[in-house]
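Observations on chain architecture
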Amino acid sequence: MQGFWSDKRTIVTGGAGFLGSHVVRRLEKLGAKVFVPRKRDYDLTTLDACLRCLLEHPCDILIHAAAYYGGIGINMTEPAKLYYTNLTMGTNLMEAARLAGVGKFVAIGTACSYPGYLEGKLQEDDLWAGPCHESVVNYGLTKKMLAVQAKAYKRQYGLDGAHLILTNLYGPGDSYNPERSHVAAALVRKFVEAEQAKAPTVEVWGSGKPVREFLYVEDCADAIVLAAQSYNDVNKPLNIGTGVGTTIRELAETIGEAAGYRGKIVWNADKPDGAAMKVLDVSRMRQAFDGWTPPTSLRAGLEKTISWYRANKAQADAKW
Ligand code: GDP
């Protein structure tokens, strides 16, 4: 990998964020020259700023990891901002990429783009097999449009690319703000705080029955770098995940145990469950990456996340 990256000019949008910062760290270790556009300099929701960014910082590979996103809570409270920000950023950035002659556009998509009511593991060929789950439709559809745009831009302009469909992530640097966080970060915060306060109960949302897949963010960054280097087919989106399903109940119990919490879990049925199951089929990923699978087990990843969160609590809570 080292040889490949040493002469590559790379841009990572969202490179100061949760996932993007891990991608940047990995690329820099491999010798890539990485530029991270910051919002104060380039408002990527406008075509002008996207084009200015790419003309001022010409690049071979663009990894579009910037997103306005969050868990099931923010999808209910800020659907319009999710819609507008993600749609305009993606559309304008890809248009600017082809105008500026970028070599390859790697789009970071989401499992929320899948039909929300399918049974079993989600396969790339089923991306269009039904409507998104209503709880994530704004985020899911805007990211899905990147897959549509990539095909069109390859056909008409020859722009190379890859569309990566990410499962639920967790790890250091995530959003730990309860309004915005996804379930893993939300529960890490709740259980660590309950353990510190010796609280008798912890409230967890929903029924505990939904099944989700959890990918440690550093493993995800490795997969993105692998795909940016070697996966080139906009007609075949690529799932990135572990392929392992875990119920929210199991997740809560594992986090509680890893945090040393001894009290009880209380389920709040007034909060939404979201999709019943969201787990990716990762056969295409394994094949594309010569058998690679994410090396970090859920338990190990949660332990690392909890230690990081304890050591950086004030800073983590203040972010986003
Ligand atoms: P989703 O994967 O798009 O549904 O997003 P989330 O990660 O936000 O939620 C996953 C599941 O975890 C849903 O069934 C939530 O109801 C459940 N959950 C349980 N407790 C929490 C919590 O404190 N915060 C969040 N965000 N989800 C929770």
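See above for the structure.
Since the model is a prediction, treat every value here as computed from it, not as a measurement. (Residues numbered from 1 in each chain as written. Predicted model: local features only at pLDDT ≥ 70, side-chain atom pairs only at ≥ 80, totals over all residues. Heavy atoms only, no water.)

Neighbouring residues of the ligand: 18 residues in total, closest Ile72, Lys190, Arg212, Pro272 and Asp273. The contact in question runs from an oxygen atom of the ligand to an N or O atom on the side chain of Asn168, over 3.1 Å. The separation between an oxygen atom of the ligand and a polar side-chain atom of Lys190 is 2.8 Å. In isolation the ligand offers 540 Å² of accessible surface; the protein chains occlude 99% of this area. Of all elements in the fold, only α7 (183-197) and β7 (201-205) reach the threshold of two or more residues within the shell around the ligand. Considering each element in turn, the shell around the ligand owes the most residues, four residues, to α7. Residue classes in the shell around the ligand are distributed as ten nonpolar, four polar and four charged. (Near = heavy atom within 4 Å. Polar contact = N/O pair within 3.5 Å; in protein donor to acceptor, adjacent residues only side chain to side chain. Areas by Shrake-Rupley, 256 points an atom, 1.4 Å probe, with all protein chains shown as cover. Helix = DSSP H or I, 4+ residues; strand = E, 2+ residues; numbered from the N terminus. Nonpolar A, V, L, I, M, F, W, Y, C, P; charged D, E, K, R; others polar.)

The next thing to look at is a nonpolar patch on the surface. Taken together, Trp128, Met145 and Val148 make up a surface patch of nonpolar side chains, about 310 Å² in accessible area. Mapped onto the elements of the fold, Met145 is located in helix α6 (residues 137-157). (Patch = residues over 30% accessible without salt bridge, like charges linked within 9 Å, V, L, I, M, F, W, Y side chains within 5 Å. Salt bridge = Lys/Arg side-chain N within 4 Å of Asp/Glu carboxyl O.)

On to helix α5 (residues 79-100). For the α-helix, the turn length of 3.6 residues means that residues three or four positions removed from each other point alike. Taking 1.5 Å of rise per residue, 22 residues should cover 32 Å, and α5 covers 31 Å from first to last C-alpha, within 8% of that figure. For α5, the set of buried residues is Leu82, Thr85, Asn86, Thr88, Met89, Gly90, Asn92, Leu93, Met94, Glu95, Ala96 and Ala97. Considering only its buried residues, α5 is in contact with β1 (9-13), α3 (47-56), β3 (61-64), α4 (72-77), β4 (104-110) and α6. (Expected span 1.5 Å × (residues − 1). Buried < 20%, exposed > 50% of the residue type's maximum accessible area, 1.4 Å probe, protein only. Contact = heavy atoms within 4.5 Å.)

Position of Lys278 among the secondary structure elements: in strand β13 (residues 277-278). In this structure Lys278 is buried but unpaired, with Glu213 as the nearest side chain of opposite charge at 9.4 Å. The contact partners of Lys278, leaving out residues within four places of it in the chain, are Ala111, Cys112, Leu122, Asn168, Val211, Arg212 and Glu213. (Lys, Arg positive; Asp, Glu negative; His and termini not counted.)

We now examine the state of the cysteines. A covalent bond between the sulfur atoms of two cysteines is referred to as a disulfide. Within the structure shown, the criterion is met by zero disulfides. Not engaged in a disulfide, the cysteine Cys132 finds its nearest cysteine sulfur in Cys112; these two sulfurs lie 8.1 Å apart. On the accessibility criterion, Cys132 (8% relative accessible area) is buried. (Disulfide = S-S within 2.5 Å.)

This paragraph deals with the sheet that holds strand β11 (residues 246-247). With mixed pairing, the three strands of this open sheet are ordered in space as β11-β8-β13. Each edge of the open sheet is held by one strand with a lone partner, namely β11 and β13. For strand β8 (residues 211-212) and β13, the ladder comprises two bridges, and the chain directions are parallel. Note that in β13 the partner of Arg212 across the bridge is Lys278. (Pairing = 2+ DSSP bridges.)

This paragraph deals with the sheet that holds strand β5 (residues 160-166). Strands sit in the order β2-β1-β3-β4-β5-β10 across an open sheet of six strands; the sheet is parallel. Strands with a single pairing partner mark the edges of an open sheet, and in this sheet they are β2 (33-35) and β10 (238-240). Going across the sheet, the axis of each strand differs from the next one's by a mean of 25 degrees, ignoring polarity. In terms of strand pairing, β3 meets β4 through four bridges, oriented parallel. The residue of β4 that forms the bridge with Leu62 is Phe105. (Axes fitted to C-alpha atoms, helices over the stretch in contact; angles between N-to-C directions.)

Evaluated as defined, the whole model comprises 15 salt bridges. With its nearest N and O atoms 2.6 Å apart, the salt bridge here joins Asp160 to Lys154. Residue Asp160 is classed as partly exposed on the basis of its relative accessible area of 27%. Put simply, Arg310 and Glu195 hold a salt bridge, and the shortest N to O gap is 3.6 Å. Of this pair, Arg310 sits in helix α11 (residues 298-311) while Glu195 sits in helix α7, and the two are 115 residues apart along the sequence.

All right, on to the pairing of β1 then. With four of five residues buried, β1 lies mostly within the body of the structure. As paired elements, β1 and β2 share three bridges and run parallel to each other. If you follow Ile11 over to β2, its bridge partner there is Phe35.

Further remarks concern the packing of helix α9 (residues 248-258) against α11. Relative to each other, α9 and α11 sit at 50 degrees, their axes nearing to 10 Å. Here α9 is positioned oblique relative to α11, judged by the angle of their axes. As for the relative orientation of α9 and α11, their crossing is right-handed in sense. Taken together, the residues of α11 that come into contact with α9 (itself represented by Leu251, Thr254, Ile255, Glu257 and Ala258) are Leu298, Arg299, Leu302, Glu303 and Ile306. Here the residues of the contact of α9 with α11 sort into six nonpolar, one polar and three charged. (Parallel < 35°, antiparallel > 145°, perpendicular 65-115°, else oblique. Left-handed = near helix turned anticlockwise from the far one by under 90°.)

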